[in-house]
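Each chain is listed here by its residues.
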Amino acid sequence: MNDVVNPDTYESLAISERDNGLYVVALNRPTKRNALDVATIEELIRFFSGARMAGVKAVVLAGEGDHFCAGLDLIEHWKADRSPDDFMHVCLRWHEAFNKMEYGGVPIVAALKGAVVGGGLELASAAHIRVIDPGTYFALPEGQRGIFTGGGATIRVSDMIGKYRMIDMILTGRVYQGQEAVDLGLAQYIVEDGRSFDKAMEIADKVAQNLPLTNFAICSAISHLNNMSGMDAAYAEAVVGGVVNTQPAARARLEAFANKTADRVRPKS
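For clarity, every value in this text was computed on a predicted model and none was experimentally measured. (Residues numbered from 1 in each chain as written. Predicted model: local features only at pLDDT ≥ 70, side-chain atom pairs only at ≥ 80, totals over all residues. Heavy atoms only, no water.)

**Q** What is the right way to read the sheet that holds strand β8 (residues 176-177) from this model?
**A** Adjacent strands of a sheet form backbone hydrogen bonds with each other and so pair up, either parallel or antiparallel. If you walk across this open sheet you meet the three strands as β5-β7-β8, and the pairing is mixed. Each edge of the sheet is formed by a strand with only one pairing partner; in this case those strands are β5 (115-117) and β8. Strand direction decides the pairing type here: β5 and strand β7 (residues 137-139), joined by three bridges, are parallel. Along β7, the bridge assignment pairs Val117 with Ala139. (Pairing = 2+ DSSP bridges. Helix = DSSP H or I, 4+ residues; strand = E, 2+ residues; numbered from the N terminus.)

Structure representation (structure tokens):
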């Protein structure tokens, strides 16, 4: 087994393989509410750096225990008594991990529950799809802790909900939960209590059946295109479309559409 997907080579993450190239990657520090320490970040980098080459087609990102992730391991941070330079490099490793997730080309569906707080929200925002249950709650309490975001909240969370809503969350510690969180853009799906993992698995299994190159474009190119000027993005989109839309593996799917044997797009009944 490739070491990238070998569960025996991880301690802070619980890795399990399901059918169809689908993997579950679960934060495995439940007694710490899955707070992110240095070791966990390094394991996230390792897995998501090599996931696509190891044949991973989709990932469900989850948390063991009652919470998804309570953010930065503040106890580790306090005990380390880091210098500004030290913590800057800790933050850069967080960015490395989350960029590998967002831009890596493997669809990531986050199954969220309990606390999705601080760095936990930054981690969740690096996934492509987020599923919650009514008990899931989001917060950025950095203002009350005397600290500042360092894992991309100013980039991804502000992109999801808007700059001033994000500022309000950090300044006031405002908590969002349930349908309000979905309406705001913090998640795309809400399901019954305790069922966010099941729904995330259902979604991930569906997207894992897409062609890998198509998924790579969706889960990599779109983020890159959004970082470009309009003219550059239009050109780059045409290039990506030229490659993806003429891939030999798509011929059978296009033939099925032409022959009217493919699944049709229908409105909800």
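**Q** Honestly, a nonpolar patch on the surface in this entry has me stumped. Any pointers?
**A** Residues Leu213, Phe216, Tyr235, Val239 and Val243 make up a contiguous nonpolar surface patch of roughly 460 Å² in combined accessible area. Breaking the nonpolar patch down by element, the ones donating at least two residues are α10 (212-226) and α11 (230-244). Among the elements that take part in the nonpolar patch, α11 stands out by supplying three residues, more than any other. Structurally, Phe216 is set in helix α10. (Patch = residues over 30% accessible without salt bridge, like charges linked within 9 Å, V, L, I, M, F, W, Y side chains within 5 Å. Areas by Shrake-Rupley, 256 points an atom, 1.4 Å probe, with all protein chains shown as cover. Salt bridge = Lys/Arg side-chain N within 4 Å of Asp/Glu carboxyl O.)

**Q** What should I look at first to understand the packing of aromatic side chains in this one?
**A** According to the stated counting rule, one finds four aromatic pairs in the structure shown. Ring geometry for Tyr10 and Phe47: centres 6.3 Å apart, planes at 65°, overall edge-to-face. On the criterion of sequence distance, the pair formed by Tyr10 in the segment before β1 (13-17) and Phe47 in helix α1 (residues 38-50) is long-range, its members being 37 residues apart. Residue class for Phe47 comes out buried when judged on its relative accessible area of 0%. (Phe/Tyr/Trp six-rings, centres within 6.5 Å; stacked < 30°, edge-to-face > 60°. Buried < 20%, exposed > 50% of the residue type's maximum accessible area, 1.4 Å probe, protein only.)

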